[in-house]
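Survey of secondary and tertiary structure
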Amino acid sequence: MGHLGVLLFLLGGLGALADICEIPQVDSKLVERLGQRLLPWMDWLSLEHLNPSIYVGLRLSSLQAGAREAFYLHILKLSYQHSLLGLTFNDDNSDYQDKPSMGQLALYLLALRANCELVEGRKGDRLVSQLKRFLEDEKKAIGHNNKGQPHTSYYQYGLGILALCVHQKRLHDSVVGKLLYAVEHEQHLHQGHLSVDTVAMAGLAFTCLEHSNLNPNRKHQITRAIENIREKILKAQTPEGYFGNVYSTPLALQLLMKSSMPGVELGTACLKARAALLASVQDGAFQNALMISQLLPVLNGKSYVDLISPDCEAPRVMLEPVVETPSPPQEVIRVVLKVPSVSPPYINSISVPAGSSLEDVLKKAQKLRGFMYGTQNTLSGPFLTSVMGKEAGEREFWQLLRAPDTPLLQGIAEYTPKDGETIELRLATW
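In this report, we go over the structure that sits alongside the text. (Residues numbered from 1 in each chain as written. Predicted model: local features only at pLDDT ≥ 70, side-chain atom pairs only at ≥ 80, totals over all residues. Heavy atoms only, no water.)

Regarding the overall build of the chain
Helix and strand counts for the chain come out as 14 helices and 12 strands. The C-alpha atoms of the chain give 23 Å as radius of gyration, which agrees with the globular expectation for 430 residues (22 Å, within 12%). Each principal axis of the C-alpha atoms in the chain carries an extent, and together these give about 75 × 60 × 45 Å. Here the chain, with 430 residues, has 50% of them falling under the buried criterion. Split by element, the accessible area of the chain, about 20,700 Å² in all, is 53% carbon and sulfur. Each charge class in the chain was averaged separately, 41 positive and 43 negative side chains, and the resulting centres sit 2 Å apart. (Helix = DSSP H or I, 4+ residues; strand = E, 2+ residues; numbered from the N terminus. Rg over C-alpha atoms; globule rule 2.2 N^0.38 Å. Buried < 20%, exposed > 50% of the residue type's maximum accessible area, 1.4 Å probe, protein only. Areas by Shrake-Rupley, 256 points an atom, 1.4 Å probe, with all protein chains shown as cover. Lys, Arg positive; Asp, Glu negative; His and termini not counted. Charge placed at Lys NZ, Arg CZ, Asp CG, Glu CD.)

Take a look at the structure:
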């Protein structure tokens, strides 16, 4: 082969690589430090704080927590099965209160599959039936004309389909069809913008269905939907490299990894996203257990779709707990808290130690009187549900903003205000 032939061969190879999304190996110490942040969360063993995504993230990562990890799965099984198998359904939605949501049940099934377990037998059949019932109820809420909205979200809808798929449980074509319609007609938008994590989750569900061929009548629609979602995600890449934002990028990469899109610089886009993510990890952006558990598989070249055939014998590095060292006394900062959505509007300057979370600021404001708030525990941490006695209604939520008008990407437990910042709590619609 002449010099020109060799050059053309190399260029052809580089072109092929550019069409494929692969994540090169990451510094093991950085991954280990990220995994260590999950360990404290594994000490919260009440049902409201249990998070199956932690177990899934560890099992798909290059890390393990040994006996601690096994005990966490044991507690998950005891708590979820006791709660879920005691749940009976009727037409009254009040039956769902104080019970794991559809998304939590789906993540629990993913956790079982991550341990190479398939749900079967009487107990397994009841869990599957409950998740199918959740999805059927969501399908009814969306309506035969697709004009309605699910009670939860299309994100949880896609997660539910994915969880049943990895256990090889078939859903009716009409259930899958609602998610296909939502993707095709862009009903995954949030405040007019593409919800990258929602379409990525839908794409993971469709990829599983495509590999498993559980809905052959929808095969061609599923394939088109996956291609459509990949294109949407690539178009949503920011100049910094994120797909949507820093926290939606891990799920987007889970979908794009090992994908092939001829004629598209997929490899370049993924490498740019990887670089942006690693910079964010080093800056301490990943503190939330759910977000970390979605990122760890990516850094190990894995995705939730790998739970179709999990490798439970793969070697994983043992995580060692971080030894806490006493921190020096912290300076006091002042944060202005504003709530314009109530009458009269609330505004106050709150003094807290540097490094305090926004949740710490809210607690301090409540202690000072004149301010009150309520939260609900979710897999993503505490979710703000009411401020000054005003509850968020249907299709409403309490938005967190840094003045003058910058939405916060983190929740109240993760965001750390800086000295002099003004934080606004605004009742918004979606």
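Side note on unusual backbone geometry
Outside of glycine, negative phi angles account for most residues, and trans bonds account for most peptide bonds. Each neighbour pair has its own omega, and for Ser343 with Pro344 the value is -5 degrees, a cis peptide bond. Locating Pro344 in the fold gives a position in the loop between β5 (332-339) and β6 (346-353). Cis geometry marks the peptide bond from Ala403 to Pro404; its omega dihedral reads 10 degrees. Tracing the chain through its elements places Pro404 in the loop between β10 (396-402) and β11 (406-407).

What to know about the environment of Thr429
The residue Thr429 is located in strand β12 (residues 422-429) in this model. For the pair formed by Thr429 and Gly393, sequence separation is 36 residues and the distance between their alpha carbons is 8.9 Å.

Observations concerning the pattern of salt bridges
If you walk through the whole model with that rule in mind, you get 10 salt bridges. The partner of Arg316 in a salt bridge is Glu69, with the nearest N and O atoms 2.8 Å apart. Taken together, the residues Arg316 in the loop between α13 (289-299) and β4 (317-318) and Glu69 in helix α4 (residues 66-85) connect sequence positions 247 residues apart. What makes Arg316 buried here is its relative accessible area of 17%. Look at Glu69 and you get buried, because its relative accessible area is 3%. Two residues, Arg170 and Asp173, come together in a salt bridge whose shortest N-O distance is 3.2 Å. (Salt bridge = Lys/Arg side-chain N within 4 Å of Asp/Glu carboxyl O.)

Remarks on the state of the cysteines
Taken as a whole and assessed by the stated rule, the structure comprises 3 disulfides. Across the disulfide from Cys21 sits Cys270; the S-S distance is 2.0 Å. Judged by the sign of its S-S torsion, about -115 degrees, the bond between Cys21 and Cys270 is left-handed. Of this pair, Cys21 sits in the loop between α1 (3-18) and α2 (28-36) while Cys270 sits in helix α12 (residues 266-282); the two residues are 249 residues apart in sequence, bridging distant segments of the chain. Residue Cys270 is classed as buried on the basis of its relative accessible area, which comes to 0%. With its sulfur 2.1 Å from that of its partner, Cys165 forms a disulfide with Cys208. The chirality of the disulfide connecting Cys165 with Cys208 is left-handed, given an S-S dihedral of about -100 degrees. (Disulfide = S-S within 2.5 Å.)

Comments concerning helix α10 (residues 219-235)
Here α10 spans 25 Å end to end across 17 residues, near enough to the 24 Å set by a 1.5 Å rise per residue. Among all positions of α10, only Ile222, Ala225, Ile226, Ile229, Arg230, Lys232, Ile233 and Leu234 are buried. Residues of α10 that are buried in the fold lie against α8 (173-184), β3 (193-194), α9 (196-212), α11 (249-256) and α12. (Expected span 1.5 Å × (residues − 1). Contact = heavy atoms within 4.5 Å.)

Thoughts on the side chain of Lys139
Within the element layout of this structure, Lys139 appears in helix α6 (residues 121-142). We classify Lys139 as buried; its relative accessible area is 18%. Excluding residues that lie within four positions of it along the chain, Lys139 makes contacts with Tyr157, Ser174, Val175 and Lys178.

A word on the environment of Val128
Relative to the elements of secondary structure, Val128 occurs in helix α6. A relative accessible area of 7% means that Val128 is categorised as buried. Through-space distance from the C-alpha of Val128 to that of Gly103 is 13 Å; in sequence the pair is 25 residues apart. The residues touching Val128, leaving out its near neighbours within four places in the chain, are Val119, Leu164 and Lys169.

So, α12
Counting along an α-helix, one turn takes 3.6 residues, and residues three or four places apart therefore face a common direction. In this model, α12 (17 residues) spans 25 Å end to end at C-alpha, consistent with the 24 Å of a helix rising 1.5 Å per residue. Along α12, the positions that sit buried rather than exposed are Leu266, Gly267, Ala269, Cys270, Ala273, Arg274, Ala276, Leu277, Leu278, Ser280 and Val281. Just downstream of α12 lies Gly284, where phi reads positive at about 85 degrees.

Some thoughts on the pairing of β5
Residue alternation in β5 divides its side chains into a buried set, Ile333, Val335, Leu337 and Val339, and an unburied set, Val332, Arg334, Val336 and Lys338. Hairpin connection, β5 to β6: the antiparallel pair is bridged by 6 residues. In this structure, β5 lies alongside β12, joined through 3 bridges in parallel fashion. Bridge assignment links Val336 to a residue of β12, and that residue is Thr422. (Pairing = 2+ DSSP bridges.)

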